[in-house]
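One letter stands for each residue in the lines below.
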Amino acid sequence: QLTLVESGGGLVQPGGSLRLSCVVSGSGVTLRSYALGWLRQAPGKEHEGKVHEGISCISATGKKIYHTDALEGRFAISRDFAKNTVYLQMNSLKPEDTGTYYCASTLRQYGSLCSSESGLYVYWGQGTQVTVSA
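The structure displayed is predicted, hence computed values, not measured ones.

Time to look at the nonpolar core. Of all hydrophobic cores here, the largest spans 26 residues; its most connected members are Trp 38, Phe 75, Met 90 and Tyr 101. Listed by contribution, the elements that provide at least two residues to this core are strand S3 (18-25), strand S4 (36-41), strand S5 (53-58), strand S7 (75-80), strand S8 (85-90), strand S9 (99-105) and strand S11 (128-132). Top element by residues in this core is S3. It accounts for 4 residues. In this structure Met 90 touches Gly 16, Ser 17, Leu 18, Leu 20, Arg 74, Phe 75, Tyr 101 and Val 130, once residues within four positions along its chain are discounted.

We now examine the state of the cysteines. Applying the stated criterion across every chain yields a total of 2 disulfides. Shown here is the disulfide that connects Cys 57 with Cys 114, its sulfur atoms set 2.0 Å apart. Taking the sign of the S-S torsion, about 110 degrees here, the bridge from Cys 57 to Cys 114 comes out right-handed. Taken together, the residues Cys 57 in strand S5 and Cys 114 in the loop between S9 and strand S10 (123-124) connect sequence positions 57 residues apart.

Conventions and cut-offs
- Residues numbered from 1 in each chain as written.
- Predicted model: local features only at pLDDT ≥ 70, side-chain atom pairs only at ≥ 80, totals over all residues.
- Heavy atoms only, no water.
- Core = buried A, V, L, I, M, F, W, Y, C linked by side-chain atoms within 4.5 Å.
- Buried < 20%, exposed > 50% of the residue type's maximum accessible area, 1.4 Å probe, protein only.
- Helix = DSSP H or I, 4+ residues; strand = E, 2+ residues; numbered from the N terminus.
- Contact = heavy atoms within 4.5 Å.
- Disulfide = S-S within 2.5 Å.

This is the structure:
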């Protein structure tokens, strides 16, 4: 089992920036062994059958990176291997970005994949709340 702990969320005004962090730990874990993603759950989306929205992902090798078009190029995912941490840099935040943000990891055997589909991720953090409001 992997343990993922998110941090960096908070209240920010529209147009502001935040950097979310996710520390990944476990027995013998290395970030190069897993595909990692950021997903979010907006308030009320459960009622629409949309529990988690895939935001960004990066494959184990880093050769595949995906950001959903809905972000309009405002977010970026990156990794720091020395710190076993994956980041989500969030710029030009909008009220519709409000929600709970989760980092998640695939199984090792799917490390070459990079997907926005929540079903491909098996290890999840507890989430960090992001609120964008004037």
